[in-house]
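Secondary and tertiary structure notes
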Amino acid sequence: MANLKSLAKDTAIYGLSSIIGRFLNYLLVPLYTAKISAASGGYGVITNMYAYTALLLVILTYGMETTFFRFVNKEGENSEKVYHTVLSMVGFTSLLFIALVFLFITPLSDAMGYADHPAYVWTMFVTVAIDAFQCIPFAYLRYKKRPLKFAAFKLLFIGLNIALNLVYYVIMDGHDVGYAFYINLVCTASITFCFYKELKEGFMGEKCSWSECKVLVRKMMGYSWPILVLGIAGILNQTADKILFPYIYEKGDAHAQLGIYGAASKIAMIMAMITQAFRYAYEPFVFGKAKDKDNRQTYASAMKYFVIFTLLGQAAAGMLILSFFSRTADTSRAKAWAACILLGAAALGDIGQLFPDTDERYAGADSLKLLSAVCAHLRSHGWEIVNTDATIVAQRP
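Model, not experiment: these values are computed from the prediction.

**Comments concerning the side chain of T239**
- Residue placement: T239 occurs in helix α11 (residues 210-248).
- Note on T239: relative accessible area 6%, which makes it buried.
- Here T239 is in contact with A51 and A54, once residues within four sequence places are set aside.

Listed below in C-alpha cells is the structure:
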C-alpha cells in the first residue's frame, strides 16, 4: 500500500503540471481564435503544424524515454553510463534532424503546403527537436524522484508561453499566426538552460568506452524499436486527421475549416491529461519495482485503480459536456447530439454520413425528424434503444 501511496502522490504532482499546464495552455485557443480570423485559416495552420510536431516528437525520441527507465534500473547496468548514452543518442539525432530540415526546407515546406511560409516549418521543427532532447533530462528527473522540479519546469514553460502570447496578441494587438510558433521556440529553448545541472551530470559524468557504448546502443535500439512502432500508431490515431485534412478537403478554405475542427476537438485533452500524468509517474515506478517479489500484485493494483479513476473521470467529463450543451445549445442542436451519440454507440458512422450537408434535401431539416430517422436506421440494423440517460431542460410557458 505504501508503494501505491507513493505512486498516487507522484501522479498528483505530475498531474498538477500536466492538467494545470494544459488547462492554461487551452486558454490560448480563444485568444488565437479571437485574434486570428477564421477566414484566414490561421488557427488551422496552428492545428496542422502541432499535429506534425506531435508525430515528430514520437519519432525523434524513438522510445528512448521508456528504454532509459528499463536500462537504468536493470541489474548490471551503470546508471550514469546509461543516462550519458541515451542523452548523447537523442541529442545527436535531434541535431541531425535540425540540419536536415534546413538543408531541405524548400521542398519540405512545398510538400506541406507552406511554400510561402517556410519559417513556420523550420521554427516548429527546430522546436520539436529541442523538445525531443529535453525529454531525456525530464525522464532523468522522474528517475531521481524529483517531481516538484519536473512540475516547476513544465509550468515555467507554460507561464512564459502564455505571457509572451498575451504581450503580442493582446498588448501589441498582433494578428500574425507565425508569432505563435516563434514564441514557442523561444520558450522551449529557454527551458533548456534550466537543465544545466542535469545536462552537466549527463555529459560530464561517467562515460562508457567506445566498445561498451556500441554494445549498449545495440541493446537499447533492440528494446526501443517496438516502442517506436506502437508510439507512431498511437499518435497517428490522434493526429492523422489534422495532418491529412488539408490534402483531402477539396474546397479552398481547408485551413479555415481545420481551425474550427481543431478548436472543437481540444475538449479531448481531458483524458489525455489523466493518462499522461499517470504515465509520468508509472514508468519510473514500474521499472524501479521490477526486482521486488510482489511486483506483479503491485502492478495489478496500480492499474486497477488507474482504470477505475479514468472511467470515473471520463464519465464526469462526459456529463459536464452534455450538461453544458443542454444549457447553452438550442433544442435542435441537442437532438443532433442525441443522434450522434446513438449512431456512435451502434458503430454506424455519424450523422454527417446519413444526412450530408452537401445534400440540399437536408437544408433546414427538422432535427426531430432526423432523430426519428436515426432511430429507424438503428432498428433496421438490429439495434433497439433500451434506456437513455437524459437531462430535461424545461421552461415555464
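The discussion continues.
**A word on helix α5 (residues 79-103)**
- Its 25 residues give α5 an end-to-end C-alpha distance of 36 Å, which sits within 8% of 36 Å, the value for a rise of 1.5 Å per residue.
- The residue sitting at the N-terminus of α5 and contributing the capping side-chain oxygen is N78; that oxygen lies 2.9 Å from the backbone nitrogen of E80.

**Details of the packing of aromatic side chains**
- According to the stated counting rule, one finds 20 aromatic pairs in the structure shown.
- Three or more aromatic residues joined by ring pairs make a cluster, and in this case those are Y32, Y43, Y168, Y169, Y179 and Y182.
- In this structure, K154 is placed above the aromatic ring of F138, and the distance from its NZ or CZ to the ring centre is 4.3 Å.

**Here we look at the confidence of the model for the chain**
- Here the chain averages 79 in pLDDT, and 68% of its residues register 70 or above.
- Low confidence marks residues 327-331, where pLDDT is under 50. Its contacts with residues over four positions away, or in another chain, come to 0 contacts.

**Some points on the packing of helix α3 (residues 42-61) against helix α9 (residues 178-192)**
- Across the interface, α3 lies against α9 with an axial gap of 9 Å and an inter-helix angle of 40°. If you check the angle between α3 and α9, you find them oblique. For the pair α3 and α9, contact is made by V45, I46, M49 and Y50 and by A180, F181 and N184, respectively.
- Per-class residue counts for the contact of α3 with α9 are 6 nonpolar, 1 polar and no charged.

**Some remarks on the packing of helix α4 (residues 64-72) against helix α7 (residues 118-143)**
- The geometry of α4 relative to α7 is characterised by a closest axis approach of 10 Å and an angle of 40° between their N-to-C directions. Considering only the axes of α4 and α7, their crossing is right-handed. Seen from α4, the contacting residues are M64, E65, F68, F69 and V72; seen from α7, they are C135, I136, A139, Y140, R142 and Y143.
- Tallied by class, the residues present in the contact of α4 with α7 amount to 9 nonpolar, no polar and 2 charged.

How each quantity is defined
- Residues numbered from 1 in each chain as written.
- Predicted model: local features only at pLDDT ≥ 70, side-chain atom pairs only at ≥ 80, totals over all residues.
- Heavy atoms only, no water.
- Helix = DSSP H or I, 4+ residues; strand = E, 2+ residues; numbered from the N terminus.
- Buried < 20%, exposed > 50% of the residue type's maximum accessible area, 1.4 Å probe, protein only.
- Contact = heavy atoms within 4.5 Å.
- Expected span 1.5 Å × (residues − 1).
- Polar contact = N/O pair within 3.5 Å; in protein donor to acceptor, adjacent residues only side chain to side chain.
- Phe/Tyr/Trp six-rings, centres within 6.5 Å; stacked < 30°, edge-to-face > 60°.
- Lys NZ or Arg CZ within 6 Å of the ring centre and 35° of its normal.
- pLDDT = per-residue confidence, 0-100.
- Axes fitted to C-alpha atoms, helices over the stretch in contact; angles between N-to-C directions.
- Parallel < 35°, antiparallel > 145°, perpendicular 65-115°, else oblique.
- Nonpolar A, V, L, I, M, F, W, Y, C, P; charged D, E, K, R; others polar.
- Left-handed = near helix turned anticlockwise from the far one by under 90°.

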